[in-house]
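One-letter residues, chain by chain:
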Amino acid sequence: VPRIGVLALQGDVREHLAVLTRLGAAAVPVRRPDELAAVDGLVIPGGESSVMDKLTRLFGMREPLREAIAAGLPVYGTCAGLIMLADRLADGISGQQTLGGLDITARRNAFGSQLDSFETDLAVPDLGPEPVHAVFIRAPLVDEVGMGARALATLADGRVVAVAQGALIATSFHPEVTGDTRFHELLLTRVAERAGRTAAAS
Ligand code: GLN
């Protein structure tokens, strides 16, 4: 059984733990470096990325997280988690840092106060023909997808809201609140692929 952590410094941790448990993973909150070292995959939940950034530094988690990402740990970031995984931030709060890993530029609160939260159906070809019902809550956008990353989904106007790169996946929206488990399953697929490679190499 894969052991999947949810970064539990801030944000909607419980919903992700519930989805992962439903999928048969051993789902555990992660707050400390030793807890991070014990997981096969990680979810960085939605919340407030500037606060999450401060807490990762306060809890001594920034470098361990960066090292884990660089070492190929499969990570799925939703919303604030997408911001944390972005290499570049278009409009961070002064001093705000990200962990990086995804060759993208993220723009926080990209939909403005007019459209604080909304829902829409999105085509995500990687997940099959059924559209994903996507819930956006003060969501970021992906302003620019660099050479290293790949868009998984766009809004009708072409703006990118889901990306992948290597073992990293990120969405602007929150699948954990809709009952659609396919993005979490994709994370488990990345975890299984990595376990396969590790076994083959030893
Ligand atoms: N607006 C938040 C941020 O900048 C993200 C919102 C969310 O995670 N639902 O971090």
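Cut-offs used in this document
- Residues numbered from 1 in each chain as written.
- Predicted model: local features only at pLDDT ≥ 70, side-chain atom pairs only at ≥ 80, totals over all residues.
- Helix = DSSP H or I, 4+ residues; strand = E, 2+ residues; numbered from the N terminus.
- Expected span 1.5 Å × (residues − 1).
- Buried ≥ 20, exposed ≤ 12 C-beta atoms within 10 Å, placed from the backbone.
- Arc of directions from axis to C-beta.
- Contact = placed C-beta atoms within 7 Å.
- Core = buried A, V, L, I, M, F, W, Y, C linked by C-beta atoms within 7 Å.

### Considerations on helix 6 (residues 182–201)
Then, in step 1: Helix length check: helix 6, at 20 residues, gives a terminal C-alpha distance of 29 Å against a target of 28 Å (1.5 Å per residue), a fit within 8%.
Then, in step 2: Residues Phe183, His184, Leu187, Leu188, Arg190 and Val191 constitute the buried set of helix 6. End-on view of helix 6: buried residues confined to an arc of 155°, all on one side of the axis. Exposed side chains of helix 6 directed beyond 90 degrees from the buried face belong to Glu193, Gly196, Arg197, Ala199 and Ala200.
Then, in step 3: Those residues of helix 6 hidden inside the fold are in contact with helix 1 (13–22), strand 3 (41–44), strand 4 (75–78) and strand 12 (168–171).

### Details of helix 4 (residues 62–70)
Then, in step 1: Within the sequence span of helix 4, burial applies to Leu65, Ala68 and Ile69. In a view along the axis of helix 4, the buried residues occupy a sector of 100°, so they form one face of it. For helix 4, the exposed residues set more than 90 degrees away from the buried face come down to Glu63 and Ala70.
Then, in step 2: Looking at the buried side of helix 4, the elements it contacts are helix 2 (33–37), helix 3 (49–58) and strand 4.
Then, in step 3: A positive phi of about 100° marks glycine 72, the residue just after helix 4.

### Concerning the nonpolar core
Then, in step 1: Leu42, Val75, Leu85, Ala86, Leu102, Val163 and Ala170 are the most contacted members of the largest nonpolar core, which totals 57 residues.
Then, in step 2: Excluding its chain neighbours within four sequence positions, the residues that come into contact with valine 163 are Leu102, Ile104, Val142, Val145, Ala149, Arg150, Ala151, Leu152 and Ala170.

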